[in-house]
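# Per-entry structural report
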Amino acid sequence: MQASSGFQGRSAGLGLALVSAFAFGGSGVAAKPLIEAGLDPLHVVWLRVAGAAVIMLPVAWRHRNLVRERPVLLAGFGLFAVAGVQAFYFASISRIPVGVALLVEYLAPALVLGWVRFVQRRPVTRAAAVGVVLAVGGLACVVEVWSGLKFDLLGLLLALGAACCQVGYFVLSDHGGQDGRDGGGKHAEPPHPVGVIAYGLIVGAAVLTVVARPWGMDWSLLGGSAGMNGNEVPAWLLLGWIVLLATVLAYVTGVVSVRLLSPQVAGVVACLEAVIATGLAWVLLGEHLSAPQLIGGFVVLTGAFIAQSAAPKPPSGPVASGVGTGAAAGAVEGELSGDRAPH
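Quick summary incoming for the structure in this document. On a predicted model such as this, the values are computed, not experimentally measured, just so you know. (Residues numbered from 1 in each chain as written. Predicted model: local features only at pLDDT ≥ 70, side-chain atom pairs only at ≥ 80, totals over all residues. Heavy atoms only, no water.)

The nonpolar side chains of a soluble globular protein tend to be buried with one another. Core analysis: the biggest nonpolar cluster contains 79 residues, and Val44, Phe77, Tyr89, Phe90, Ile93 and Leu201 have the highest contact counts within it. Setting aside chain neighbours within four positions, we find Leu201 in contact with Val49, Ala52, Ala53, Met56, Val82 and Thr247. Formed by five residues, the second largest nonpolar core is a distinct cluster that contains Val112, Val167, Phe170 and Val171. (Core = buried A, V, L, I, M, F, W, Y, C linked by side-chain atoms within 4.5 Å. Buried < 20%, exposed > 50% of the residue type's maximum accessible area, 1.4 Å probe, protein only. Contact = heavy atoms within 4.5 Å.)

Let us now look at the packing of helix α6 (residues 71-93) against helix α7 (residues 98-105). Across the interface, α6 lies against α7 with an axial gap of 9 Å and an inter-helix angle of 145 degrees. Like other packed secondary-structure pairs, α6 and α7 cross with a definite hand, here right-handed. Here α6 contributes Val85, Tyr89, Ser92 and Ile93 to the contact with α7, which in turn contributes Val98, Ala101, Leu102 and Glu105. Of the residues in the contact of α6 with α7, the class split is six nonpolar, one polar and one charged. (Axes fitted to C-alpha atoms, helices over the stretch in contact; angles between N-to-C directions. Helix = DSSP H or I, 4+ residues; strand = E, 2+ residues; numbered from the N terminus. Left-handed = near helix turned anticlockwise from the far one by under 90°. Nonpolar A, V, L, I, M, F, W, Y, C, P; charged D, E, K, R; others polar.)

A few words now on the packing of aromatic side chains. Inspection of the entire model under this criterion finds three aromatic pairs. With centroids separated by 6.1 Å and ring planes inclined at 90 degrees, the aromatic side chains of Trp46 and Trp219 adopt a geometry described as edge-to-face. Of this pair, Trp46 sits in helix α3 (residues 41-55) while Trp219 sits in the loop between α11 (193-212) and β1 (225-228); the two residues are 173 residues apart in sequence, bridging distant segments of the chain. A relative accessible area of 15% places Trp46 in the buried class. Between Tyr89 and Phe90, the ring centres sit 5.8 Å apart and the planes meet at 50 degrees, which makes this aromatic pair tilted. Grouping residues by exposure puts Tyr89 and Phe90 together as buried. Against the face of Trp61 rests Arg64, its NZ or CZ located 4.2 Å from the ring centre. (Phe/Tyr/Trp six-rings, centres within 6.5 Å; stacked < 30°, edge-to-face > 60°. Lys NZ or Arg CZ within 6 Å of the ring centre and 35° of its normal.)

In this model helix α9 (residues 126-142) runs 24 Å from its N-terminal to its C-terminal C-alpha over 17 residues, within 8% of the 24 Å that 1.5 Å per residue would give. Listed in full, the buried residues belonging to α9 are Ala128, Gly131, Ala135, Gly138, Leu139 and Val142. Buried residues along α9 cover an arc of 105 degrees about the axis, so they all sit on one side. α9 presents Arg126 and Val133 as exposed residues on the side facing more than 90 degrees away from its buried surface. (Expected span 1.5 Å × (residues − 1). Arc of directions from axis to C-beta.)

Attention now moves to a nonpolar patch on the surface. The grouping of Leu14, Leu18, Phe22, Leu272 and Val275 at the surface amounts to a nonpolar patch, some 410 Å² of accessible area in total. Counting residues per element, the ones that place at least two in the nonpolar patch are α1 (2-25) and α14 (272-285). By relative accessible area, Leu14 is classed as partly exposed at 39%. (Patch = residues over 30% accessible without salt bridge, like charges linked within 9 Å, V, L, I, M, F, W, Y side chains within 5 Å. Areas by Shrake-Rupley, 256 points an atom, 1.4 Å probe, with all protein chains shown as cover. Salt bridge = Lys/Arg side-chain N within 4 Å of Asp/Glu carboxyl O.)

Evaluation of the coordinates by the stated rule reveals three salt bridges. Put simply, Glu287 and Lys32 hold a salt bridge, and the shortest N to O gap is 2.6 Å. Taken together, the residues span a long stretch of sequence, with Glu287 in the loop between α14 and α15 (291-310) and Lys32 in helix α2 (residues 27-36) at a distance of 255 residues. Look at Glu287 and you get buried, because its relative accessible area is 14%. According to the relative accessible area criterion, Lys32 is buried, its value standing at 7%. Put simply, Arg68 and Glu69 hold a salt bridge, and the shortest N to O gap is 3.6 Å.

Bringing unusual backbone geometry into the picture now. Positive phi values are uncommon outside glycine, yet Arg213 reaches one of about 50 degrees. Structurally, Arg213 is set in the loop between α11 and β1. Although it is not a glycine, Asn229 sits at a positive phi angle of roughly 55 degrees. Tracing the sequence through the fold places Asn229 in the loop between β1 and β2 (231-234).

As a further point, take the packing of α3 against α6. Between α3 and α6, the shortest axis-to-axis distance is 9 Å and the interhelical angle comes to 140 degrees. What the angle tells us is that α3 and α6 run oblique. Considering how the two elements wind past one another, α3 and α6 form a crossing that is right-handed. Facing α3, whose interface residues are Pro41, Leu42, Val44, Val45, Arg48 and Val49, α6 presents Val82, Gln86, Ala87, Phe90 and Ala91. Class assignment for the residues of the contact of α3 with α6 results in nine nonpolar, one polar and one charged. (Parallel < 35°, antiparallel > 145°, perpendicular 65-115°, else oblique.)

Below, the structure is given as structure tokens:
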């Protein structure tokens, strides 16, 4: 009976992890038509984060003790994993294909290892080094360096900025985890991942309100339609997709799946986010990638997975998982593996 129950739990966890990967992978596909219709990328990010934050307010109230116990973690998650990653990612997809932007974000595990090796001066395994080389080499194919970078350079730098924001959250979580003790000097329980997500969205919404200044947004655009590969789609429907499916549903299913699976297995499934995003962009937006780019994307994902698996884990505390929009993008996983940078 126990074996059967465990199998059913793993099957349910795998299904939820796939739902989460699909949900996260669709964020860029739904956001790009809104941006092309005239909305500023920062305004789209603000609408997504603020809408999800409102929905998650009851969860934030239930876990209000986190404000007192983990204020630095909540601020870091909101600033880096929510506001930073999404702002850079949505700005990048306004200039380059969705799939390319997300694959660039998969450099995050390699950048984390660079931080560990050259800043913290801690050794890394040979497998980790191989993962970094594969990720960088695959990225060279994705951007087709032999053609003199066929994509917008600023767009690529913005996508790289999203990856760096994920690294910043990893570093913050690593330090915060080492200090995860309660008032009696004992190790504190890891914070509830859904609570961290809820407060991260609230903090991110507050930061983005100052940066995006939504009062200057052309709200009338939300009552119109946006073009999606020759088809007109209501703007409000795309916004609902981004808020409800690509944020709230994606986070909740991702957190539950990690509870039912191991973080390593959930990390493997999370790598499908880039594949899903590329496929959806191909079908729904008409953003076709060449054969070398597809091969390079596979190499990037392989290298990211190897680097993620070989990366040293923090003693305690969460580390952003999933770089996808996601950048969201197989990222480093820690004990709070349900936390992933939203895409």
